[in-house]
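Residue-level listing of the chains:
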Amino acid sequence: MEGELENIKRWIVMYPVYINSKKTVAEGRRIGLSKACENPTCVEIGDCCSYLKLPFAIEIDKAYPRDFMQRGRVRVLLKKEDGTLYNSSISSRKQLMLRVAEMVPRHHGRTKKQEPASTSTAGPSNKSGKGGKKRR
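Draft legend 1. The arrangement of the state of the cysteines in detail. Under the counting rule described, the total for this entry stands at zero disulfides. Note on Cys 37: no disulfide assigned, nearest cysteine sulfur contributed by Cys 48 at a separation of 8.1 Å. Note on Cys 37: relative accessible area 3%, which makes it buried. Not engaged in a disulfide, the cysteine Cys 48 finds its nearest cysteine sulfur in Cys 49; these two sulfurs lie 7.0 Å apart.

Next up, the structure:
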């Protein structure tokens, strides 16, 4: 177990801020705005890594250094000990970020959350009553 923890320290670190379209480059986004996704979570990133058949570890208690309110990060292993890739289509951090950002919006948790929200907001939202200037 201890040897495995030492190895995890050498894995690539990926914070959700890196692929968040709501953040600026100064706030920590590392990919283009058009390719980034909206408010990704560590669990969604972890699910994408498991889909890509990459070993990963979620560290919930860790915070992003530039914004300590952003909790959680994911550690990912791209290469085996002999140097061969786990997934031949992903050879760098940048490719990993782009692939995960592409997959997060299609995550099964997101599609389930958005369906009920779109039906509940479809009702009429007209406010009735007088507007205008109030008399004193």
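Draft legend 2. Fine view of the layout of surface pockets. Taken as a whole, the largest pocket spans an internal volume of roughly 320 Å³. If you trace the largest pocket, you find 12 residues lining it, with Asn 7, Trp 11, Leu 77, Lys 79 and Glu 81 closest to the centre. Its residues placed into classes, the lining of the largest pocket shows six nonpolar, one polar and five charged.

Draft legend 3. Highlighting the pattern of salt bridges. Counting across every chain of the model gives four salt bridges. Taking the shortest distance from any N to any O, the salt bridge between Glu 38 and Lys 22 comes out at 3.8 Å. Linking Glu 38 in the loop between strand S1 (12–14) and helix H2 (42–51) with Lys 22 in the loop between S1 and H2, this pair joins segments that are 16 residues apart in sequence. According to the relative accessible area criterion, Glu 38 is partly exposed, its value standing at 44%. For Lys 23, the salt bridge identified is with Asp 67, shortest N-O distance 3.9 Å. Residue Lys 23 is found in the loop between S1 and H2, and its partner Asp 67 is found in strand S3 (residues 67–76); the two are separated by 44 residues along the sequence. Judged by its relative accessible area of 17%, Lys 23 is buried.

Draft legend 4. Structural context of the environment of Asp 67. Residue classification places Asp 67 among the partly exposed residues on the basis of a relative accessible area of 27%. Asp 67 sits 40 residues away from Glu 27 along the chain, and the two C-alpha atoms are 8.0 Å apart.

Rules of the game
- Per-chain numbering applies: the sequence of each chain, read as written, is numbered from 1 onward.
- Residue-level local features of this predicted model are given only where pLDDT is at least 70; pairs of side-chain atoms are given and counted only at 80 or more, and the full residue set underlies all totals for whole chains, interfaces and linings.
- With hydrogens and water excluded, all non-hydrogen atoms of the structure serve as input to the side-chain values.
- By definition, disulfides here are pairs of cysteine sulfur atoms that lie within 2.5 Å.
- Burial classification: accessible surface area is computed with a 1.4 Å probe over protein chains only, and a residue below 20% of its type maximum counts as buried, one above 50% as exposed, and the rest as partly exposed.
- The distinction between a cavity and a pocket rests on a 1 Å grid over the protein atoms alone: a 1.4 Å probe fits inside a cavity but cannot get out, while a pocket stays open yet meets protein on both sides within 12 Å along at least five of seven lines, and a residue with an atom within 4 Å of a point counts as lining.
- Grid points are joined across faces, edges and corners, and a volume is the space filled by probe spheres set on the points.
- Side-chain classes follow a simple rule in which Ala, Val, Leu, Ile, Met, Phe, Trp, Tyr, Cys and Pro form the nonpolar group, Asp, Glu, Lys and Arg form the charged group, and the remainder, Gly included, forms the polar group.
- We define a salt bridge as a contact between a side-chain nitrogen of Lys or Arg and a carboxyl oxygen of Asp or Glu at a distance within 4 Å.
- Labels follow the DSSP assignment, with helices taken as runs of H or I lasting at least four residues and strands as runs of E lasting at least two, numbered in each case from the N terminus.

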